[in-house]
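Residues per chain are reported as follows:
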Amino acid sequence: MKLLEMRTALETEMAALAAERRTAADLKALELLLAAMEVSEDGSQSMVIDRAFHAAIAGATRNDYYVRFADFLGLRLIPSRALYLVGEGAMKPQEYARVINADHRAIYHAIAAGNPDGAREAARLHMRSSYERYAALQLKGRSEQIT
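Values in this document were obtained by computation on a predicted structure and should not be read as measured data.

Student: I'm lost on the pattern of salt bridges in this one. Help?
Tutor: When their charged atoms lie close together, side chains carrying opposite charge are able to pair. Applying the stated criterion across every chain yields a total of seven salt bridges. The salt bridge involving R7 is made with E11; its shortest N-O contact spans 3.0 Å. Here E11 and R7 lie together in helix 1 (residues 2–21), a separation of four residues that amounts to about one turn. Here R7 falls in the buried class, since its relative accessible area comes to 4%. The buried category is assigned to E11, whose relative accessible area is 7%. The partner of E38 in a salt bridge is R105, with the nearest N and O atoms 3.2 Å apart.

This is the structure:
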């Protein structure tokens, strides 16, 4: 939960900077990742694409420190994403991809439009959704331990 709180600050500003600095090549890379996520039927592959999408946004900032920090965090984010895809009540990989991709599309559209405020808000909503999904998993885990 604390990592998601910290990521919110990072991801929102990354998206805003990407909206200001992105190139046609950045937009094409993001489009390809959205398309790959759309057809992904494998949970592991969806997680790789998810991470690559955030890394591509970091690259679009033109700030190597965001790229390095996103790479550093990426290694720690995979286990939390894996929680959605394994165990009792896990999301199907296609459902995971659909939910995540809806958020990613909103971020992409704001970046493509060159709208830093819109990109910041779309990223904030994406992180809030992640936080809520993770909180629900934690709550479910606690209730299962009690019963």
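There is more to say, and it comes next.
Student: It is not clear to me how helix 1 should be interpreted in this structure. Could you clarify?
Tutor: Since the α-helix packs 3.6 residues into each turn, any two residues three or four apart lie on the same face. With 20 residues, helix 1 extends 29 Å from end C-alpha to end C-alpha; this agrees with the ideal 28 Å at 1.5 Å per step. By the burial criterion, the buried members of helix 1 are L4, R7, T8, L10, E11, T12, M14, A15, A16, L17, A18 and A19.

Student: Explain the side chain of S40 to me, please; I cannot follow it from the model alone.
Tutor: Tracing the backbone shows S40 in the loop between helix 2 (24–39) and helix 3 (43–60). Among the polar contacts listed, one links the side chain of S40 to the backbone oxygen of D42, at a separation of 3.3 Å. Discounting chain neighbours no more than four positions away, the residues touching S40 are Q45, S46, I49, Q94 and A97.

Parameters at a glance
Residues numbered from 1 in each chain as written. Predicted model: local features only at pLDDT ≥ 70, side-chain atom pairs only at ≥ 80, totals over all residues. Heavy atoms only, no water. Salt bridge = Lys/Arg side-chain N within 4 Å of Asp/Glu carboxyl O. Helix = DSSP H or I, 4+ residues; strand = E, 2+ residues; numbered from the N terminus. Buried < 20%, exposed > 50% of the residue type's maximum accessible area, 1.4 Å probe, protein only. Expected span 1.5 Å × (residues − 1). Polar contact = N/O pair within 3.5 Å; in protein donor to acceptor, adjacent residues only side chain to side chain. Contact = heavy atoms within 4.5 Å.

Everything listed is a geometric property; what it means functionally is a separate question.
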